[in-house]
Protein chains: 2
Amino acid sequence: MLAAARAEFAARGYERASMRAIARGAGVDAALLHHYFGTKDRLFMAALEFPLDPRAVAENVFAGDPATIGERVAGFVVGLWEQPEVRERLLALVRTAATSEEVAGAMRGFMVAELVGRVAARLEVAQPELRVELAMSQVVGLAMARYVIGVEPLASAPPEVLVPLLGRTLQGCLTD
Amino acid sequence: MLAAARAEFAARGYERASMRAIARGAGVDAALLHHYFGTKDRLFMAALEFPLDPRAVAENVFAGDPATIGERVAGFVVGLWEQPEVRERLLALVRTAATSEEVAGAMRGFMVAELVGRVAARLEVAQPELRVELAMSQVVGLAMARYVIGVEPLASAPPEVLVPLLGRTLQGCLTD
């Protein structure tokens, strides 16, 4: 079922992929697929071994004071990447997205549908989607530089140094 | 000569690669190599079709008011990526670095040796190298999101909308 899901997401993108087509591709009943994975976003996360749930992230981000949203996001993201097994899966995703148009397209659709809109709707600034995406791109860029390219001193800066710097950047980006 | 240079940079990294070894690998005299390419950084840029000169960037960045450094960098970077033939070469570099440890290592050495130190030395803040690298990583992340992954509305935001947003982010990151 996961192989059929990966094929369908790569071929048609996240938005247009259908649970029915994935079930057909796997030779199982759609009810069984729903029973195992629930919703399309859960199936996507399972198929790509996507190590975080965007809805939980969005809720986490908005649980506290808007004036410290940047630092909360920074702490969450750095904490995630610092876990070796999560890091490995994220690196695999970044590398795959950098080299496959299809996977990049499916990931783009997933992030826009499940994260960007959800977060943007709660920001009281002009161009909220653009800001959320700029913040996300900064997080991905940092991850590339720190964990893929390994630039020093960025690669070995301790989280307690990195998080406030990144937090301030994200704060400015998200709320002015 | 360029093929020999690529092989040497990939095998030994930017810092340890030697003009002498590259000349030997290409079967030419070291004097001829110097005549054609001058210094190691120029040879590196030619071999990897690196489309910008870090020294010119550093000078450009520091030519004006420190209070608008972020917006100058943002304008420069976005302007660069908006040129189709430059974009193509940058994308090729990003994709190669994302999938080859050797090329990533050579690029890392080049950027640290030729850009990070030069810019950091002129910033009057704590941890200047870390800030320069964080700013660079944000620029690379933005480029990935806008030009590789193509997330909307980021991918089609006009430069005049994007540059002020990115500029403010970089300003905070570089100068507080």
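Residues numbered from 1 in each chain as written. Chains lettered and ligands numbered in written order. Predicted model: local features only at pLDDT ≥ 70, side-chain atom pairs only at ≥ 80, totals over all residues. Heavy atoms only, no water.

Chemist: What's the story with the interface of chain B and chain A in this structure? I'm lost.
Modeler: Often, the extent of an interface is quoted as the loss of accessible area upon association of its parts. The interface of chain B with chain A comprises 35 residues on the first partner and 35 residues on the second. Buried area between chain B and chain A, summed over both chains or domains, comes out near 3,200 Å², and the portion from carbon and sulfur atoms is 69%. In this structure, the connection of chain B to chain A is made through zero salt bridges. Counting across the interface, chain B meets chain A through two residue pairs in polar contact (both at pLDDT 80 or more). Taken together, the elements giving at least two residues each to the side of chain B that touches chain A come down to α7 (84-99), α8 (101-120), α9 (128-149) and α10 (159-175) of chain B. In terms of residues, the side of chain B that touches chain A owes the most to one element, α9 of chain B, which gives 13 residues. Taken together, the residues of the side of chain B that touches chain A sort by class into 19 nonpolar, seven polar and nine charged. (Contact = heavy atoms within 4.5 Å. Buried area = accessible area lost by both parts, 1.4 Å probe. Salt bridge = Lys/Arg side-chain N within 4 Å of Asp/Glu carboxyl O. Polar contact = N/O pair within 3.5 Å; in protein donor to acceptor, adjacent residues only side chain to side chain. Helix = DSSP H or I, 4+ residues; strand = E, 2+ residues; numbered from the N terminus. Nonpolar A, V, L, I, M, F, W, Y, C, P; charged D, E, K, R; others polar.)

Chemist: I would appreciate a short explanation of the environment of M19 of chain B in the present structure.
Modeler: Residues and elements named next belong to chain B. Mapped onto the elements of the fold, M19 is located in helix α2 (residues 19-26). Placed 151 residues apart in sequence, M19 and L170 show a C-alpha to C-alpha distance of 36 Å. The contacts of M19, once residues within four sequence positions are left out, are L33, H34, G38, T39, K40 and L43.

Chemist: Honestly, the nonpolar core in this entry has me stumped. Any pointers?
Modeler: Side chains that are nonpolar tend, in soluble globular proteins, to be buried together. Core analysis: the biggest nonpolar cluster contains 135 residues, and F9 and F44 of chain A together with F9, F44 and F50 of chain B have the highest contact counts within it. The contact partners of F44 of chain A, leaving out residues within four places of it in the chain, are F9, Y14, F50, A106, M107 and F110 of chain A. (Core = buried A, V, L, I, M, F, W, Y, C linked by side-chain atoms within 4.5 Å. Buried < 20%, exposed > 50% of the residue type's maximum accessible area, 1.4 Å probe, protein only.)

Chemist: Mind showing me how you'd approach unusual backbone geometry here?
Modeler: Backbone geometry follows two general trends: most residues other than glycine have a negative phi, and most peptide bonds adopt the trans configuration. Residue and element names in this part refer to chain A. Following E152, the chain continues into P153 via a peptide bond in cis, with omega recorded as 10°. For P153, the position within the fold is in the loop between α9 (128-149) and α10 (159-175). The backbone phi angle of Q127 is positive, close to 50°, even though this residue is not glycine. Looking at the secondary structure, you find Q127 in the loop between α8 (101-120) and α9.

Chemist: What exactly am I supposed to notice about the domain arrangement of chain A here?
Modeler: All names here are of chain A. You can read the domains of chain A as domain 1 (1-47) and domain 2 (50-175). Computed from C-alpha atoms alone, the centre-to-centre distance between domain 1 and domain 2 is 26 Å. Across the boundary between the two partners, domain 1 contributes nine residues, which contact twelve residues of domain 2. Note on domain 1 versus domain 2: buried area summed over both sides is about 900 Å², and carbon and sulfur give 65% of it. Across the contact surface, domain 1 and domain 2 share two salt bridges. D53 is the salt-bridge partner of R42, the closest N and O atoms lying 3.0 Å from each other. (Domains from an automatic or database assignment.)

Chemist: Which parts of the structure should I look at to understand the side chain of E8 of chain A?
Modeler: Residue and element names in this part refer to chain A. Position of E8 relative to the elements: it lies in helix α1 (residues 2-16). Classification of E8 as buried rests on a relative accessible area of 12%. Apart from residues no more than four positions distant in its own chain, E8 is found in contact with G13, R16, A17, S18, A21 and I22.

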